[in-house]
Amino acid sequence: MKDTPPEAPLLFTPIKLRSVTARNRIVSSPMCQYLSDDGGPEEWQLVNFGRFAMGGCGIVFGEETAVEARGRKTHHCAGIYRDSHVPSYRRISDFIRAQGAVPAIQLGHCGRRASQHGPLQGRAALTEAERPWQGIAPSALPPTPGGAIPREMDLSDIRATLAAWRAATQRSVDAGYEICEIHGAHGYLIHQFLSPLSNRRSDAYGGSLENRMRYALEVVDAVRSVWPNELPLFFRTSAVEGPGGVWGIDETLTLARELKARGVDVVDCSSGGIGISAGGDGTLPAIPRVPGFQAGYAREIRRETGLPTVAVGMISDARHAETILREGHADLIALARGLMDDPNWPLHAARELGCTDPLGLVHEREAQRLRLLERHRVQYPPGSAVEIPFATDEQVSYSWSTGISGSRVRR
Ligand SMILES: Cc1cc2nc3c(=O)[nH]c(=O)nc-3n(C[C@H](O)[C@H](O)[C@H](O)COP(=O)(O)O)c2cc1C
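Cut-offs used in this document
Residues numbered from 1 in each chain as written. Predicted model: local features only at pLDDT ≥ 70, side-chain atom pairs only at ≥ 80, totals over all residues. Helix = DSSP H or I, 4+ residues; strand = E, 2+ residues; numbered from the N terminus. Pairing = 2+ DSSP bridges. Axes fitted to C-alpha atoms, helices over the stretch in contact; angles between N-to-C directions. Buried ≥ 20, exposed ≤ 12 C-beta atoms within 10 Å, placed from the backbone. Right-handed = clockwise from strand over helix to strand, strands pointing away. Domains from an automatic or database assignment. Near = placed C-beta within 6 Å. Contact = placed C-beta atoms within 7 Å. Left-handed = near helix turned anticlockwise from the far one by under 90°. Nonpolar A, V, L, I, M, F, W, Y, C, P; charged D, E, K, R; others polar. pLDDT = per-residue confidence, 0-100. Core = buried A, V, L, I, M, F, W, Y, C linked by C-beta atoms within 7 Å. Parallel < 35°, antiparallel > 145°, perpendicular 65-115°, else oblique.

1. Side note on the overall build of the protein
Within the protein, the regular secondary structure consists of 11 helices and 15 strands. In terms of its C-alpha atoms, the protein occupies a principal-axis envelope of roughly 95 × 60 × 40 Å.

2. Some remarks on the sheet that holds strand E8 (residues 179–184)
Read around the closed barrel, eight strands run E3-E4-E5-E8-E9-E10-E11-E12, paired in parallel fashion. The average angle at which neighbouring strand axes cross in this sheet is 30°, direction not considered. Pairing of E8 with strand E9 (residues 233–238) involves five bridges; the strand directions are parallel. Bridging from a neighbouring strand, Cys-180 pairs with Leu-233 of E9.

3. Topic: the pairing of strand E4 (residues 59–66)
When you tally the buried positions in E4, you get eight out of eight residues, the bulk of the element. Inspection of the sheet shows strand E3 (residues 26–28) paired to E4 by two bridges, in the parallel sense. Counted as the bridge partner of Ser-28 is Val-60 from E4. As paired elements, E4 and strand E5 (residues 102–108) share six bridges and run parallel to each other. By the bridge assignment, Thr-65 is partnered in E5 with Leu-107. Read as a crossover between parallel neighbours, the route from E4 over helix H2 (residues 86–98) to E5 is right-handed.

4. Things to note about the pairing of E8
Side-chain positions along a regular strand alternate between the two faces of the sheet. Most of E8 is tucked away, with six of its six residues classed as buried. Along E8, one buried face is formed by Ile-179, Glu-181 and His-183 and the opposite face, lined by Cys-180, Ile-182 and Gly-184, is buried too.

5. Focus: the domain arrangement of the protein
Per the domain assignment, the segments making up the protein are domain 1 (10–378) and domain 2 (380–410). Between the C-alpha centres of domain 1 and domain 2 there is a distance of 54 Å.

6. Here we look at the sheet that holds strand E14 (residues 394–399)
Read from one edge to the other, the open sheet built from three strands follows the order E13-E14-E15, with strand pairing classed as antiparallel. Each of the sheet's edge strands pairs with one partner strand only, and the pair in question is strand E13 (386–391) and strand E15 (403–410). Strand-to-strand twist in this sheet, taken as the mean axis angle between neighbours without regard to direction, amounts to 25°. Here E14 pairs with E15 via five bridges, running antiparallel. Bridge pairing in E15 links Glu-394 to Arg-410.

7. Details of the site of the ligand
Close to the ligand lie 19 residues; Ser-29, Pro-30, Glu-64, Ala-336 and Arg-337 are nearest. Contributions of two or more residues to the shell around the ligand are made by E4 and helix H9 (337–341).

8. Comments concerning the environment of Pro-132
Within the fold, Pro-132 resides in the loop between E5 and strand E6 (136–137). A sequence separation of 111 residues divides Pro-132 from Thr-21, and the C-alpha atoms of the two residues are 43 Å apart. Here Pro-132 is in contact with Ser-115 and Leu-126, once residues within four sequence places are set aside.

9. Observations regarding the packing of helix H3 (residues 155–174) against helix H5 (residues 209–226)
Across the interface, H3 lies against H5 with an axial gap of 8 Å and an inter-helix angle of 35°. Considering the relative orientation of H3 and H5, their crossing is right-handed. Counting all contacts with H3, which are made through Ile-158, Leu-162, Trp-165, Arg-166, Thr-169 and Gln-170, the residues of H5 involved are Tyr-215, Glu-218, Val-219, Ala-222, Val-223, Ser-225 and Val-226. Of the residues in the contact of H3 with H5, the class split is eight nonpolar, three polar and two charged.

10. A look at the confidence of the model for the protein
Low pLDDT marks stretches whose predicted atomic positions should not be read closely. With 99% of its residues at a pLDDT of 70 or more, the protein has an overall mean of 95. Between the elements of the protein, mean pLDDT differs from a low of 80, seen in E15, to a high of 99, seen in E8.

11. A closer look at the nonpolar core
Core analysis: the biggest nonpolar cluster contains 98 residues, and Ile-59, Val-60, Val-310, Ala-311 and Ile-333 have the highest contact counts within it. Looking at this core, the element that brings in the most residues is H5, giving seven residues. When residues no more than four places from it in sequence are discounted, the contact partners of Val-60 are Ser-28, Phe-49, Phe-52, Ala-53, Ile-96, Ala-101, Pro-103 and Ala-104.

12. Focus on the packing of H5 against helix H6 (residues 249–261)
Contact geometry for H5 and H6: axes closest at 11 Å, N-to-C directions at 40°. Taken together, the axes of H5 and H6 are oblique relative to one another. Read as a crossing pair, H5 and H6 show a hand that is right-handed. Contact residues: Leu-209, Met-213, Ala-216, Leu-217 and Val-220 in H5; Glu-251, Thr-254, Leu-255, Glu-258 and Leu-259 in H6. Grouping the constituent residues of the contact of H5 with H6 by class yields seven nonpolar, one polar and two charged.

Shown next, in the form of structure tokens:
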């Protein structure tokens, strides 16, 4: 009887999305750095996102990148609202591509969550001396109880932001990105329109679910009208909006069907944002933070809409990631903190899952040396006793578990 070869891990099976093929299913999830200078990325971003490509990820996102300056949370958030930003993003996308990963950009607009400090300063509101600006939102409701009141968007504001989404998308094309994700989650502008807790409008953009989805879908149309047909478009959703929220999975399924009809290729399944801390007074309980806590949302959306999904959230064990894919919960696995902890996570996962050539994931410059290291490890397994030469006619016995034994001995 012939031995059947072991099945290749799904995590390391390439995936084709429109014309783009990622070498594996591992995604470096979007991560805000709060280190941009007037929007544009710096050395930090090149090194930080570059290391995830070098470590073997299939797809590498940067950070939430604002489509207009007032859509940033802080003075130091990333943005792509000027043509002059393009070359600095191009440098990063070229580097990521050169390492074999697909460069991806997440476009966003924070809406009412504007004019803050970053997380290291507790997201405190900017003072008068710190050049604050007024956020815009579907309704004039503060982002947190007692927080700054945003200006309610009129139709010309809505049109202006849609033009900004279009222009930022064109710049993302010019900057060499191959995947674009619309940030529709986490209590930012699109989510503020979706949730009845932050959207109290009585016009065509508020009230019914259909009306509350209008802005999100107009953004998708705006982005898709510019984003090339051959390139995939992702949408990040808060599948369930977290404690104090009201939006749940059924609303997300309705939204996902509309996204699919408008050319969204993948739903990235996150959660939260309109919680109690963001003024939410709904009745949704907290989502327990356990490994894969959002994978159930990814499964439901995948099963009900047929759209490929991304599972994200405290996934850091390679076998767990593989199980999520094998059980059909998702098509891609995203990590944020797991990659901060171990930028070479894909390489280590490939070893753990028994891939035939884990080192094929890293640059040949590193792989060649690491292969040599592996050969040495096989040649001298742990505990081997060896003779270390001290001179042509002298040696000492050595074992790295017990150290040097004895003294210099003449051969
Ligand atoms: C430092 C940091 C920055 C983040 N910034 C973003 C962001 O810009 N956009 C976004 O959608 N999510 C952002 N997130 C959320 C992550 O993409 C991810 O969904 C979340 O951290 C859960 O994954 P994890 O458990 O693997 O960290 C950020 C997370 C971290 C840790």
